[in-house]
Protein chains: 2
Amino acid sequence: MAQASAESGNERATVASEPRPLGEVSKWDMEADVVVVGLGGGGGATAIEAARAGAEVLVLERASAGGGATAESGGLIYLGGGTPTQKACGFEDSTEEMFKFLMMASGPADEAKVRLYCDENLDHYDWLTGIGLEFKAAFHAEKTTTPENDDGLCYSGSEAAHPFCEHAKPAPRGHKPKVVGDGGKIIAEKIIAAVDASGAKTVPDVLAETLVRRDDGRIVGVVARTEGREILVRARKGVVLAAGGFIMNKEMLAKYCPQMLDCNYPTGTDGDDGRGIRMGMGAGGAAIHMNAAFVTTPFYPPASHVKAILVNEQGQRFINEDAYHGASGDAILNRQGGNAYLIVDTELYAETIAFHPKAAVEETIEDLERALGLPESSLTATVEYFNKHAANGEDPLFHKAKPYLRPLSVPPYAAVDCRKANAIFAGFTFGGLDTLTTGEVLTADGKVVAGLYAAGRNAAGLPRWGGGYASGMSVGCVTFFGRKAGKTVAAAEPA
Amino acid sequence: MAQASAESGNERATVASEPRPLGEVSKWDMEADVVVVGLGGGGGATAIEAARAGAEVLVLERASAGGGATAESGGLIYLGGGTPTQKACGFEDSTEEMFKFLMMASGPADEAKVRLYCDENLDHYDWLTGIGLEFKAAFHAEKTTTPENDDGLCYSGSEAAHPFCEHAKPAPRGHKPKVVGDGGKIIAEKIIAAVDASGAKTVPDVLAETLVRRDDGRIVGVVARTEGREILVRARKGVVLAAGGFIMNKEMLAKYCPQMLDCNYPTGTDGDDGRGIRMGMGAGGAAIHMNAAFVTTPFYPPASHVKAILVNEQGQRFINEDAYHGASGDAILNRQGGNAYLIVDTELYAETIAFHPKAAVEETIEDLERALGLPESSLTATVEYFNKHAANGEDPLFHKAKPYLRPLSVPPYAAVDCRKANAIFAGFTFGGLDTLTTGEVLTADGKVVAGLYAAGRNAAGLPRWGGGYASGMSVGCVTFFGRKAGKTVAAAEPA
């Protein structure tokens with residue numbers, strides 16, 4: 001996970017959400033059929049498909065190199081329905097089971113998007129391998145956030161965990177490109193290479209600031225800034241906003257997603273300042289689900305920690321610990337006031353990838369309860385209850401799966417500190433402009449804003465609920481729907 | 001609480017969030033300095049102050065009579081800092097303690113709004129009595145939602161409950177007009193009478209549909225519909241949107257506030273379809289905190305129920321039951337999956353105002369636990385723990401106040417059903433357009449939209465968090481900031 005300054009993304013002085021009237025434009029500095037704002041996974045996929053469809057494409061990237069949040073990600077891509085990698089690893093999956101899972105995982109799902117994503121998922125797999133990504137036919141069985149080795153397939157969400165496993169037949173759908181460690185960088189490299197190969201032209205170090213609107217409301221260009229001067233870029237067919245989410249913009253978080261101000265490790269790039277969303281809002285686009293976000297305080301790996309128990313400040317358990325780490329992160333931040341402890345025994349304990357501190361280590365649970373300042377007989381009762389049932393392979397309260405059930409019994413015991421003041425809480429926003437599956441941006445009344453499209457996290461896509469999220473839904477969503485936007489805008493009538 | 005059809009508010013075909021260009025307006029059917037959209041508490045207060053300041057004011061009201069959600073409310077108004085009513089009832093309060101409480105209660109508070117509201121609160125009290133409202137100097141001590149008699153003062157939030165009572169010195173600030181039963185209707189009557197007396201002209205049965213925008217972006221009028229035909233209404237100084245929240249609009253709930261789709265008893269009028277918010281968004285206004293809402297499943301009165309315990313589907317307690325009923329409603333809906341039981345003994349039990357059904361009645365807690373299908377030894381352990389400490393006047397888990405602590409011990413025991421499938425969940429939305437304290441509407445980049453103002457729940461005001469809300473914050477907020485908007489727009493330069 002990469003962290004960037006939360007301040008540097010705010011360049012308020014130079015941003016105007018209101019479009020500039022075309023009448024104020026005296027000459028264009030550049031022009032193309034399609035202008036894409038941002039060269040992350042979403043903008044890149046857009047540019048590739050638009051160019052392949054014959055459009056002249058210009059990509060404006062604020063950084064000196066593209067990649068966006070996709071490059072900073074672990075690199076999982078959510079793919080299923082019976083991909084070659086799933087089959088080679090011996091897993092059965094179907095479009096319908098994937099659909100059932102994603103409808104639940106998306107929370108307030110956009111059914112049309114989930115449907116299309118699932119129906120055309122095998123084609124998307126082929127597209128991704130077509131641009132040079134390779135998924136090793138090796139299943140990573142150990143519970144982790146992103147496989148540390150080059151294994152190509154893993155469970156990347158709560159598919160096998162309660163209550164998701166009762167609603168859809170589990171299958172691993174997290175696909176990771178063949179590389180040791182995080183896979184985001186190689187995904188970005190392959191996308192950028194494909195953008196270049198497609199004939200789309202990328203202009204780096206160009207910061208989009210404002211859209212240009214014709215009197216009839218159609219968006220016809222972009223006002224941008226490069227090397228200290230303003231440039232005007234005409235878009236004959238349309239502008240595609242793909243400039244990223246807003247986790248780096250504290251002012252936007254305060255107004256739209258205040259709980260994420262407690263996310264002390266924002267995941268993304270400096271560019272994730274929500275500027276594309278604001279530009280779209282100024283053009284009449286509706287920004288939806290702006291309060292939804294992914295958050296995690298990853299208490300595993302080590303996988304052994306899944307056998308431990310998470311408790312709140314009342315010493316109560318509140319989730320099955322084998323749920324996806326984003327589900328527990330969501331539960332801790334949004335339902336438990338941002339404070340929890342992971343209670344481990346000495347056999348289970350190891351340092352987490354997020355380097356959580358230990359809040360206390362004691363020989364008995366009674367002493368641990370006291371050391372943590374938990375209410376008398378609270379943690380002790382919770383552990384006693386958990387242990388009694390875990391010994392029988394049962395978790396009557398939260399239905400953690402059997403392989404993770406084992407009494408806590410090897411002293412000393414420790415409390416891994418998952419309180420927001422002391423632990424890393426990482427995350428990013430889900431909200432964005434309301435779009436059709438084609439990438440066309442919608443107003444608050446569901447009408448299309450002519451000439452305007454959104455991709456990447458400038459659009460509200462599949463993920464809309466931190467409690468259901470699975471790793472790979474973002475990169476999967478932005479590349480898939482970026483492609484759709486690219487095809488749509490390439491086929492649009494010129495202004 | 002009043003309920004209205006959730007469908008009738010959706011008249012999509014006739015609403016356009018994009019403003020109509022002034023160039024398309026050939027003639028005006030009506031005109032005034034100030035056009036106010038909606039005659040609820042917010043629009044009414046706006047109209048009164050604008051007219052008193054000398055402006056010619058036209059109020060467009062979609063219904064045949066005004067009142068809006070204010071008329072449907074219980075009629076509490078949040079006032080403090082040492083009002084004559086507080087003093088007459090023997091309570092001390094200060095602007096600073098009120099400020100501390102409201103900063104916490106608002107959640108992601110707009111500090112400028114909270115500050116101004118508190119600083120000028122005694123003046124607002126005088127304004128309200130000045131339009132004819134009377135607050136009887138009688139303190140209603142018994143915990144309730146709205147005093148059933150004509151008592152003028154009560155605790156209407158979580159002021160005296162943990163954790164709020166540790167942050168600000170408690171004082172009762174819920175002021176109810178002198179009337180038996182709900183006070184909303186009389187507030188609306190007095191406001192409407194004051195609107196009429198002020199010289200502002202109200203036109204009923206006029207449904208605002210779209211704003212009119214001049215080429216330079218300034219809002220200069222409203223497109224509306226009456227008696228089947230379209231009318232154009234010019235606003236020389238400005239348009240004030242005060243057309244209510246969006247609890248009646250299921251499409252908007254799905255996109256902005258999906259958890260409230262489970263609110264089966266939406267509180268407001270048919271007009272609360274968010275149309276004013278959408279009109280403002282179309283003009284470039286930013287809608288913020290759109291996911292925030294008030295929700296309650298009022299398990300008291302009877303006040304005796306505050307001594308009972310709320311448990312979730314794991315048989316765990318999760319809140320101090322003396323918290324405001326909106327705080328427990330928020331906890332149940334948003335943190336406990338929408339499902340809870342109130343566990344009572346026979347001495348505490350009576351029918352609730354919300355007519356909750358009983359999920360089970362049994363002679364022992366063990367039998368109740370079994371009858372509810374709760375995990376074995378879950379509820380029994382919870383009751384045993386609660387009883388043990390309640391007997392000593394303590395609640396180590398959630399710090400319920402002493403007067404409400406007493407062991408559950410008189411069989412039979414019952415579970416009052418507070419599950420969303422079986423119980424009433426009532427509520428309304430908090431989100432709206434981002435505004436300055438003056439009512440001026442802001443874009444996503446914090447610039448003022450010329451000629452456009454918002455009041456009532458078309459503006460995001462004081463309440464921004466269901467877990468902290470207190471009754472009376474809404475009517476207090478919309479009347480106070482409506483007045484501010486009215487003064488501002490009356491002083492504006494004509495277009």
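Observations concerning the relation of the copies chain A and chain B
Rotating chain A by 180° and translating it 0.0 Å along the rotation axis places it on chain B, where the RMSD comes to 0.0 Å. In short, the pair behaves as if placed about a two-fold rotation axis. Measuring from the rotation axis to each C-alpha of chain A, the shortest distance belongs to A:Arg335, at 2.6 Å. Interface overlap between copies: 100% of the residues of chain A at the interface are likewise at the interface in chain B, consistent with a symmetric, same-surface contact.

Focus: the sheet that holds strand β13 (residues 293-296) of chain A
Residue and element names in this part refer to chain A. Strand order across the open sheet formed by 3 strands is β11-β18-β13, with mixed pairing between neighbours. Bordering the open sheet on either side are β11 (265-266) and β13, each of which pairs with just one other strand. Of the strand pairs in this sheet, β13 and strand β18 (residues 426-429) are connected by 4 bridges, and their pairing is antiparallel. Across the sheet, Val-295 pairs through a bridge with Gly-427, a residue of β18.

Some points on the domain arrangement of chain A
Residues and elements named next belong to chain A. Each assigned domain of chain A is listed here: domain 1 (12-73 + 184-294 + 426-490), domain 2 (77-175) and domain 3 (298-417). Averaged C-alpha coordinates put domain 1 and domain 2 at centres separated by 25 Å. Taken together, the contact between domain 1 and domain 2 spans 33 residues of the former and 28 residues of the latter. Of the roughly 2500 Å² buried where domain 1 meets domain 2, counting both sides, 67% is carbon and sulfur surface. In this structure, the salt-bridge partner of Arg-464 is Asp-110, at a minimum N-O distance of 3.7 Å.

What to know about the pairing of strand β9 (residues 219-226) of chain B
All names here are of chain B. Across the 8 residues that make up β9, a large majority, 7, are buried. Pairing between strand β8 (residues 207-213) and β9: 6 bridges, direction antiparallel. Paired with Thr-210 across the strands is Val-223, a residue of β9. In sequence, β8 turns back onto β9 through a hairpin of 5 residues, with Gly-217 there showing a positive phi of about 100°. When β9 meets strand β10 (residues 229-241), the two strands line up antiparallel, connected through 6 bridges. Residue Arg-225 lies in a different strand from β10, and its bridge partner there is Glu-230.

Re the environment of A:Ala16
If you trace the backbone, A:Ala16 turns up in the segment before β1 (20-21). Taking the C-alpha atoms as reference points, A:Ala16 and A:Glu209, separated by 193 residues in sequence, lie 6.5 Å from one another. Setting aside residues up to four positions removed in sequence, A:Ala16 forms contacts with A:Glu209, A:Thr210, B:Asp445 and B:Lys447.

Considerations on the pattern of salt bridges
Residues and elements named next belong to chain B. For the structure on display, the rule yields 72 salt bridges over all chains. Between Glu-49 and Arg-483 there is a salt bridge, with the nearest N and O atoms lying 3.2 Å from each other. Separated by 434 residues along the polypeptide, Glu-49 in helix α1 (residues 41-52) and Arg-483 in helix α14 (residues 473-490) bring together distant segments of the chain. Assessed through its relative accessible area of 7%, Glu-49 is described here as buried.

Details of the interface of chain A and chain B
Taken together, the 40 residues of chain A in the interface contact 40 residues of chain B. Buried surface at the junction of chain A and chain B, summed over both partners, amounts to about 3500 Å²; 47% is from carbon and sulfur atoms. Broken down residue by residue, the surface that chain A buries against chain B is led by A:Lys255, A:Arg335 and A:Asp445, which jointly contribute 17%. Inspection of the chain A/chain B interface yields 6 salt bridges. With a closest N to O distance of 3.5 Å, B:Glu376 and A:Lys388 form a salt bridge. Every element with two or more residues in the side of chain A that touches chain B is listed here: α9 (250-256), α10 (275-282), β12 (287-288), α11 (325-335) and α13 (379-390) of chain A. Tallied by class, the residues present in the side of chain A that touches chain B amount to 16 nonpolar, 12 polar and 12 charged.

Some words on the side chain of A:Asp272
Residues and elements named next belong to chain A. On the secondary structure map, Asp-272 appears in the loop between β11 and α10. Although Asp-272 is buried, it forms no salt bridge, and the closest oppositely charged side chain is Arg-62 at an N-O distance of 7.9 Å. Engagement of the side chain of Asp-272 in a polar contact is seen with the backbone nitrogen of Gly-245, the distance being 3.4 Å. Beyond its immediate sequence surroundings of up to four residues, Asp-272 is in contact with Ala-69, Ala-243, Gly-244, Gly-245, Phe-246, Ile-247, Met-248 and Asn-249.

A few points about helix α8 (residues 184-198) of chain A
Residue and element names in this part refer to chain A. An ideal rise of 1.5 Å per residue puts 21 Å on 15 residues; α8 measures up with 21 Å between its terminal C-alpha atoms. When α8 is considered as a whole, its buried residues turn out to be Gly-184, Ile-187, Ala-188, Ile-191, Ala-194, Val-195 and Ser-198. Down the axis of α8, the sector holding all buried residues measures 130°, keeping them to one side. Counted as exposed and oriented over 90 degrees from the buried face of α8: Lys-185 and Ala-197. Those residues of α8 hidden inside the fold are in contact with α1 (41-52), α2 (68-72), β4 (77-78), β7 (201-203) and α14 (473-490). Just beyond α8, the residue with positive phi is Gly-199, at close to 100°.

Here's the deal with the side chain of B:Ser198
All names here are of chain B. Relative to the elements of secondary structure, Ser-198 occurs in helix α8 (residues 184-198). Take Ser-198: its relative accessible area is 18%, and that puts it in the buried class. There is a polar contact of 2.6 Å between the side chain of Ser-198 and the backbone oxygen of Val-195.

Here we look at the confidence of the model for chain A
All names here are of chain A. In this model, chain A carries a mean pLDDT of 95, and residues with pLDDT of at least 70 account for 97%. Note that residues 1-13 has pLDDT below 50 and, in this model, 36 contacts with residues that lie over four places away or in other chains. The ipTM for the predicted assembly is 0.94, set against a pTM of 0.95.

Reading the values: the criteria
- Residues numbered from 1 in each chain as written.
- Chains lettered and ligands numbered in written order.
- Predicted model: local features only at pLDDT ≥ 70, side-chain atom pairs only at ≥ 80, totals over all residues.
- Heavy atoms only, no water.
- Least-squares fit on C-alpha atoms with pLDDT ≥ 70 in both.
- Contact = heavy atoms within 4.5 Å.
- Pairing = 2+ DSSP bridges.
- Helix = DSSP H or I, 4+ residues; strand = E, 2+ residues; numbered from the N terminus.
- Domains from an automatic or database assignment.
- Buried area = accessible area lost by both parts, 1.4 Å probe.
- Salt bridge = Lys/Arg side-chain N within 4 Å of Asp/Glu carboxyl O.
- Buried < 20%, exposed > 50% of the residue type's maximum accessible area, 1.4 Å probe, protein only.
- Nonpolar A, V, L, I, M, F, W, Y, C, P; charged D, E, K, R; others polar.
- Lys, Arg positive; Asp, Glu negative; His and termini not counted.
- Polar contact = N/O pair within 3.5 Å; in protein donor to acceptor, adjacent residues only side chain to side chain.
- Expected span 1.5 Å × (residues − 1).
- Arc of directions from axis to C-beta.
- pLDDT = per-residue confidence, 0-100.

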